[in-house]
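Chain residues, written in single-letter form:
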Amino acid sequence: MDITSKSLDRMPIYARLGVLEIWRYDKGQIKIYQLQGETYAETDISLAFPLIQVQQIIPFIQQHRAAGKKAMRRAFREWVRLQIE
């Protein structure tokens, strides 16, 4: 998940590193990009979480954002488990 500043386009860096999927959350929207050759293409389905609709994640982020990154990661893992059961 890319939560870095927009002042630097990191997508080419991620592509060179072979990062298969990038998530970007900005202004209440999530966009998922998957590596296609040497560039990224936007998609609606995550390679990591194919059973979860991307837009379902937005309310989760909004609800847990204030808890901090570490707490959000733990809560997200649990949330994903509940979604795929």
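Residues numbered from 1 in each chain as written. Predicted model: local features only at pLDDT ≥ 70, side-chain atom pairs only at ≥ 80, totals over all residues. Heavy atoms only, no water.

A. Spatial organisation of unusual backbone geometry. Positive phi, close to 50°, is recorded for Lys-27, a residue that is not glycine. Among the structural elements, Lys-27 can be located in the loop between strand E1 (21–26) and strand E2 (29–36). (Helix = DSSP H or I, 4+ residues; strand = E, 2+ residues; numbered from the N terminus.)

B. Looking closely at the pattern of salt bridges. What the rule picks out here adds up to 1 salt bridge. For the salt bridge of Glu-78 with Arg-81, the shortest nitrogen-to-oxygen distance reads 3.4 Å. Of the two residues, Glu-78 and Arg-81 both sit in helix H3 (residues 69–84), 3 residues apart, roughly one turn of that helix. (Salt bridge = Lys/Arg side-chain N within 4 Å of Asp/Glu carboxyl O.)

C. Spatial organisation of the pairing of E1. As defined by bridge partners, E1 adjoins E2 across 6 bridges and the pair is classed as antiparallel. Bridge pairing in E2 places Glu-21 opposite Gln-34. Count of turn residues in the E1/E2 antiparallel hairpin: 2 residues, of which Lys-27 carries a positive phi of about 50°. (Pairing = 2+ DSSP bridges.)

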